[in-house]
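Breakdown of the fold
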Amino acid sequence: MRLLVCGGAGFIGSTFVRERVRVHGDELTVLDKLTYAGRRENLREVESDIRFLQGAIEDPAHVDRSISGPEEFIVTNMQGTHVLLEAARERGLRYLQVSTDEVYGSIETGSFTEESPLQPSSPYSATKTGADLLVSSYFHTYGLETVICRGSNNYGPHQYPEKLIPLMVLNALAGDHLPVYGDGKNVRNWLFVDDFARGIGHALAHGAPGEVYNCGGPDECDNLTVVRKIIELTGRDESVIEFVTDRPGHDRRYSLSSAKLAATGWQAQIRFEDGLARTVEWYRDNEWWWEPIRSGAYREYYERHYGRALKA
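Note that the structure is a prediction, hence the values are computed from the model and not measured. (Residues numbered from 1 in each chain as written. Predicted model: local features only at pLDDT ≥ 70, side-chain atom pairs only at ≥ 80, totals over all residues. Heavy atoms only, no water.)

Description of the pairing of strand β8 (residues 187-192)
This is how it is decided: Note on classification: 1.4 Å probe, protein chains only; a residue is buried when its accessible area is under 20% of the maximum for its type, exposed when over 50%, partly exposed between these limits. A run of DSSP states H or I qualifies as a helix once it reaches four residues; a run of E qualifies as a strand once it reaches two. Both are numbered from the N-terminal end. The criterion for strand pairing is that DSSP finds at least two bridges linking the strands in question.
Across the six residues that make up β8, a large majority, six, are buried. As paired strands, strand β6 (residues 153-155) and β8 are joined by three bridges and run parallel to one another. Bridging from a neighbouring strand, Y155 pairs with F192 of β8. Sheet topology places β8 next to strand β10 (residues 219-222); four bridges connect them, and they run antiparallel. Across the sheet, residue V187 finds its bridge partner in β10, namely D222.

Observations concerning the layout of surface pockets
Our working definition: Throughout, the protein atoms alone are placed on a 1 Å grid, and a set of points is a cavity if a 1.4 Å probe fits but cannot get out or a pocket if it is open with protein on both sides within 12 Å along at least five of seven lines; lining residues have an atom within 4 Å of a point. Grid points are joined across faces, edges and corners, and a volume is the space filled by probe spheres set on the points. Just so you know the grouping, Ala, Val, Leu, Ile, Met, Phe, Trp, Tyr, Cys and Pro go in nonpolar, Asp, Glu, Lys and Arg go in charged, and all remaining residues, Gly too, go in polar.
Considering only enclosed or pocket space, the second largest pocket measures out at about 340 Å³ in volume. Taken together, 17 residues make up the lining of the second largest pocket; nearest its centre are T15, R22, F192, D194 and R278. In terms of residues, the lining of the second largest pocket owes the most to one element, helix α6 (residues 193-206), which gives five residues. For the lining of the second largest pocket, the class distribution of residues is six nonpolar, three polar and eight charged.

Here's the deal with the pattern of salt bridges
The cut-off we apply is this: For this document, the term salt bridge refers to a Lys or Arg side-chain nitrogen within 4 Å of an Asp or Glu carboxyl oxygen.
Under the definition given, this model contains 19 salt bridges. For D195, the salt bridge is made with R198, and the minimal N-O distance between the two is 2.9 Å. Separated by three residues within a single helix, D195 and R198 lie in helix α6, roughly one turn from each other. When its relative accessible area of 22% is taken as the criterion, R198 is described as partly exposed. For K260, the salt bridge is made with E211, and the minimal N-O distance between the two is 2.6 Å.

As for helix α9 (residues 272-285)
Our working rule: Under the convention used throughout, the expected extent of a helix is 1.5 Å for every residue step, that is, one less than its residue count. Arc definition: directions from the helix axis to the C-beta atoms. Every residue pair with non-hydrogen atoms within 4.5 Å of one another is taken to be in contact.
With 14 residues, α9 should reach 20 Å at 1.5 Å per residue; the first-to-last C-alpha distance of 20 Å fits that figure. By the burial criterion, the buried members of α9 are F272, G275, L276, T279, V280, W282 and Y283. For α9, the arc enclosing every buried residue in end-on projection is 160°, short of the 170-degree limit, so these residues lie on one face. In this structure, α9 carries E273 and D285 as exposed residues pointing more than 90 degrees from its buried face. Its buried side turned inward, α9 meets β6, α5 (164-174), β8, β10, α7 (223-234) and α10 (287-294).

Concerning the sheet that holds strand β1 (residues 2-6)
Our working rule: To obtain an axis, a line is fitted to C-alpha atoms, over the contacting stretch when the element is a helix, and the angle between two such axes runs from 0 to 180 degrees between their N-to-C directions.
Strand order in the open sheet formed by three strands is β1-β2-β3, with parallel pairing between adjacent strands. Across the chains shown, the open sheet's two edge strands, defined by having one partner strand only, are β1 and β3 (50-54). Each neighbouring strand pair of the sheet contributes to a mean axis angle of 15°, computed without reference to strand direction. Strand direction decides the pairing type here: strand β2 (residues 27-32) and β3, joined by five bridges, are parallel. Bridge pairing links D32 to Q54 in β3. Seen against the sheet, helix α1 (residues 11-24) touches β1, β2 and β3 and runs at an angle of roughly 165° to β1.

Limitation: the analysis is restricted to geometry and does not speak to function.
Shown next as structure tokens:
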């Protein structure tokens, strides 16, 4: 296939790009603004196999952070989605929207299905919800072939360290404290990023136009248990855990049913124990990738967010 991958230099996007190049031999163009989490380094292994364009999707010419600065998410997720939809409609293209389980809000028991009501609780998830509704409207109004794929909490190599798992892994490796929000009992449905990349591609190839497909991980685990597993894998002890004030709008539990996507032939292949071990090993072996982040502007963000400086 010929694919335009927007945000393809980010964590999930670059994993999808590498998978499509290596496994499928697709012809890919990557469009990325290269903000804090979009990095050319993420595409280093396939740089010669793709076409790269630096730019913003909201420009027709070419979750923590959402709490402190929601404006950029409104522009990217709403205005940017509109620009892409219009471009796809003009050219008669198939359009896939990568979304998130956060659009459903929190669930105490059971799992969300594609028919569950949308109840976002943060500025980020609200803009993702708005974008999903806009995508659906283009199918119903204009007949554009749209598919929405909603993923659960992704983890794995190349993830920017503001997220729980890379944050804890890198802090543990560096000898820093491990800041845990609230009581650490927030439960997430963990999905290895390679499985989500395959899920996106599967929904693109096999999903019915106008439909939504949830792509959830095979295992659920609360944040504190995740942190303790990371401590074990990095040889630290639990004295490094530091409970910090919970963040605003922090959903208690996410859980996705993937039955609809599984019915088309997709299944998660990586269990959480194996995926987490692989992730810790990757960060341990790839200091070249994360050292510039921890020595740059990220240090200021971390100190402002957690009230404590990282070790040098």
